[in-house]
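Close look at the chain arrangement
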Amino acid sequence: MSLPGDYHTHSFLCNHATGQLSDYIHAAISLGLPEIGLSGHFPMHLLPSQFHKYAMSISQLNSYLNSAKELKKKFSSKIETKIAFEVDFHKPILSQYKQALKPILPDLDYLIGSIHGCSWNGYIIPIDSSFSLPNELKQNDNGTDSLLLAYYDELLDLVKSNYYDVLGHFDVIRKLGFIPENLDLINERVFRVLDALEVSNMAVEINTSGLRKPGNELYPNKLIINELIQRKIPLVMSSDAHRPDDVGYAFESTMKFLRRKGLNSICRISSHEKTQFSLS
Ligand SMILES: [Zn+2]
Ligand SMILES: [Zn+2]
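First, a word on scope: everything that follows refers to the structure included in this document.

1. What about the overall build of the protein?
- What the protein contains, in helices and strands, is nine helices and 10 strands.
- The C-alpha atoms of the protein give a radius of gyration of 18 Å, which matches the 19 Å a tight globule of 280 residues would have.
- When its C-alpha atoms are laid out on the principal axes, the protein stretches across 55 × 45 × 35 Å.
- Within the protein, buried positions represent 40% of all 280 residues.
- Of all intrachain contacts in the protein linking residues separated by at least 6 positions in sequence, the fraction that spans at least 24 positions is 77%.

2. Some words on the sheet that holds strand β1 (residues 35-38)
- In spatial order, the strands read β1-β2-β3-β6-β7-β8; together these six strands make up an open sheet with parallel pairing. Edge positions in the sheet fall to β1 and β8 (235-238), since each of these pairs with one other strand and no more.
- Running at roughly 155 degrees to strand β2 (residues 80-88), helix α3 (residues 61-74) makes contact with β1 and β2 of the sheet.

3. Focus: the environment of Q50
- Within the fold, Q50 resides in helix α2 (residues 49-52).
- Here the alpha-carbon distance between Q50 and P126, two residues 76 residues apart in the chain, equals 9.2 Å.

4. Concerning the pairing of strand β7 (residues 203-207)
- Judged by how many residues are buried, β7 sits mostly within the fold: five of five residues are covered.
- Burial of the side chains of β7 extends over both faces: A203, E205 and N207 are buried on one face and V204 and I206 on the other.
- Relative to β7, strand β6 (residues 166-167) runs parallel, the two being bridged by two bridges. In the strand pairing of β7, L167 is matched with V204.
- Inspection of the sheet shows β7 paired to β8 by four bridges, in the parallel sense.

5. Observations concerning the packing of helix α1 (residues 21-31) against α3
- Packing of α1 against α3 leaves a shortest axis separation of 10 Å and a crossing angle of 30 degrees. Considered as vectors, α1 and α3 are oriented roughly parallel to each other. The element α1 and its partner α3 pack so that their crossing is right-handed. On α3, the residues that touch L21, S22 and I25 of α1 are S67, A68 and L71.
- For the contact of α1 with α3, the class distribution of residues is four nonpolar, two polar and no charged.

Analysis parameters
- Residues numbered from 1 in each chain as written.
- Chains lettered and ligands numbered in written order.
- Predicted model: local features only at pLDDT ≥ 70, side-chain atom pairs only at ≥ 80, totals over all residues.
- Helix = DSSP H or I, 4+ residues; strand = E, 2+ residues; numbered from the N terminus.
- Rg over C-alpha atoms; globule rule 2.2 N^0.38 Å.
- Buried ≥ 20, exposed ≤ 12 C-beta atoms within 10 Å, placed from the backbone.
- Contact = placed C-beta atoms within 7 Å.
- Pairing = 2+ DSSP bridges.
- Axes fitted to C-alpha atoms, helices over the stretch in contact; angles between N-to-C directions.
- Parallel < 35°, antiparallel > 145°, perpendicular 65-115°, else oblique.
- Left-handed = near helix turned anticlockwise from the far one by under 90°.
- Nonpolar A, V, L, I, M, F, W, Y, C, P; charged D, E, K, R; others polar.

See below:
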């Protein structure tokens, strides 16, 4: 079975990932992938300062774009390189993000919309266990369920914004390890996001980075994947690689799993245009 492209990779530019952009392209070529997406974090300068170091700075934008364009050309006979960004969603600053991205949008193939900081009770809660969480969240009896609900409500706003091309790591909030007290209530919110996706023009990524984490499960989980396939929502594959060795991580087993679930096409995106490719 031929493997699809990898739509989500980082690089040294994100400060918490390793490898040059070209290392990720080489890794994809050696796996025989048809496409590789360079999708580092767009500068997080609009988020609280604790986030800033996880992305390139605004002053690095132009050199990133120039390098990516050169590499796209250089390797064009071997692989299709996509130029992209993973862009945070936070409703109050969306218009500022749009303004910052406007001049470079035509240079990009797609934007991945992701939530890394979830609004909750006046805080922006970082969805990464290496950050410390506010005591108020831990002490609040209903704190963790209310954070999960806040996350999916924010995700719904992300989808409804109609701004991004791909939804990034749908249920990454699982990373915090909270067990929902009221799973039905959380799933009801998840289904609202699925309903919005169905009428949007967005693709969703199947992100294998969850398989490299203690929970050992894809983002999103199987329940959501089933719904995505049944509703024929366009899907792209992503490793969310933070090291060149992560490129295409577990793609073969994941594609077999998706085929068994009934997936028969995969989405490709160029200049923000989606095309479905049937899987043979
Ligand atoms: Zn992310
Ligand atoms: Zn990422």
